Structure formats: structure tokens, C-alpha cells
Amino acid sequence: MTANMTVIAFGKDDIDNKLSAMSAKQIDDLAFGAIQLDAQGKILRYNEAEAQITGRNAASVIGSNFFRDVAPCTNTSKFKGVFDAGVRTNTLNTMFEYVFDYKMNPTKVKIHMKKAISDGTFWIFVKRL
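As the structure is a computational prediction, the values presented were derived from the model and not from experiment.

Parameters and conventions
Residues numbered from 1 in each chain as written. Predicted model: local features only at pLDDT ≥ 70, side-chain atom pairs only at ≥ 80, totals over all residues. Heavy atoms only, no water. Phe/Tyr/Trp six-rings, centres within 6.5 Å; stacked < 30°, edge-to-face > 60°. Helix = DSSP H or I, 4+ residues; strand = E, 2+ residues; numbered from the N terminus. Buried < 20%, exposed > 50% of the residue type's maximum accessible area, 1.4 Å probe, protein only. Arc of directions from axis to C-beta. Contact = heavy atoms within 4.5 Å. Salt bridge = Lys/Arg side-chain N within 4 Å of Asp/Glu carboxyl O. UniProt positions renumbered as here; feature names shortened; annotations may be inferred.

*Asks:* Got a minute to help me understand the packing of aromatic side chains in this structure?
*Replies:* In this description, a pair of aromatic rings is defined by centroid distance and the angle of the planes. All chains considered together, the criterion is met by 13 aromatic pairs. Consider the rings of Phe 67 and Phe 83, whose centres lie 5.0 Å apart with planes at 50 degrees: the pair is tilted. Taken together, the residues Phe 67 in helix H6 (residues 66-70) and Phe 83 in helix H7 (residues 77-89) connect sequence positions 16 residues apart. With a centroid separation of 5.7 Å and an interplanar angle of 10 degrees, the aromatic rings of Trp 123 and Phe 125 are classed as stacked. Each member of the pair, Trp 123 together with Phe 125, is buried. An aromatic cluster is defined as three or more aromatic residues linked by ring pairs; in this entry it consists of Phe 66, Phe 67, Phe 79, Phe 83, Phe 96, Tyr 98, Phe 100 and Phe 122.

*Asks:* Honestly, H7 in this entry has me stumped. Any pointers?
*Replies:* Residues spaced three or four apart along an α-helix point in a common direction, a consequence of the helix completing one turn every 3.6 residues. Every buried residue belonging to H7 is among Phe 79, Phe 83, Gly 86 and Val 87, and all of these are buried. The buried side chains of H7 occupy one side of the element, clustering within an arc of 100 degrees when seen end-on. In this structure, H7 carries Ser 77 and Arg 88 as exposed residues pointing more than 90 degrees from its buried face. Packing partners of the buried residues in H7 comprise strand E1 (33-37), H6, strand E3 (93-100), strand E4 (107-115) and strand E5 (122-128).

*Asks:* What's the story with the pattern of salt bridges in this structure? I'm lost.
*Replies:* Two side chains with opposite charge may pair up if their charged atoms get near one another. Taken as a whole and assessed by the stated rule, the structure comprises four salt bridges. The shortest N-O distance in the salt bridge between Asp 69 and Arg 68 comes to 3.0 Å. Overall, Asp 69 belongs to the partly exposed group, its relative accessible area being 36%. The exposure class of Arg 68 is exposed, given its relative accessible area of 57%. For Lys 80, the salt bridge identified is with Asp 84, shortest N-O distance 2.7 Å. With a gap of four residues between them, Lys 80 and Asp 84 both fall in helix H7, about one helical turn apart. Exposure remark for Asp 84: the relative accessible area of 23% places this residue in the partly exposed category.

*Asks:* Please explain the environment of Ser 118 as it appears in this structure.
*Replies:* With respect to the helices and strands, the residue Ser 118 is situated in the loop between E4 and E5. For Ser 118, a relative accessible area of 64% gives the class exposed. Along the sequence, Ser 118 and Phe 96 sit 22 residues apart, while their C-alpha atoms lie 24 Å from each other.

*Asks:* Help me out: how do you make sense of the UniProt feature "domain: PAS" (unreviewed entry) in the protein in this one?
*Replies:* Residues given the UniProt feature "domain: PAS" (unreviewed entry) here are residues 27-70. With 41% helix and 20% strand, the stretch residues 27-70 has end C-alpha atoms that lie 20 Å from each other.

Right, here's the structure in full:
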């Protein structure tokens, strides 16, 4: 399904529209990590690309708190603080560089956080740099 990889470009403003029409398999086939969270940070979806970046199995992290249980290196004002502020104001849409280093080799990534289009959830997209 490489066609999907070219249609969905990392960091695009309309990514939430495109994702809302995609199957779980198509989201798994994205060329970048995609993590869907509820407003409290509970993981609802963790795609295959993200599993490869972090070396974690998606089934083992679904239902866990992303900031506390899965990636405590993101439990900072620069990451979780930005997420919480965007959730509070219902305007989450930001991009920045970060280093993931919890139980893995430090990996520099670009993060795009975005409010989902309709269901009150939030996406964190991750691309290795």
C-alpha cells in the first residue's frame, strides 16, 4: 500500500481529515509513527511505524498512559505540557523536534500533535530525523 504513504504526508494540516477515512491497516502502513490518545493521554491506537521506532508491540501499549507508562521521557513541559494546553483549549496543532530516549537508543524525532477531526481524540505523529 505504498500509495497511501505518498497521499498522507507528515506535518500536513489536513492530516486529521485523511486519517478519519483510513482503516487501521492503512494507518499501520503509514511511513511515520501515529499514536492516537484520549484527552488524558491513554493510548487508543499505536501504529506499526511507531512500534518499529520504539521497539514496542502495539498490543502491549494500547490502554496505557502514553506520558506515564510508555514514554515517560515525554512527561515534560515541552511535550506533555504542550499536549495538555492544546487539549484544554481544544486547539492542539503543533510541530517540534524532540529526543525519545526511554528504554531505547536516543532517537531524534519530529513531532506533530493534532486534534482529531471529530471524535474528541488527539494524534501524535512521529518521524525519525
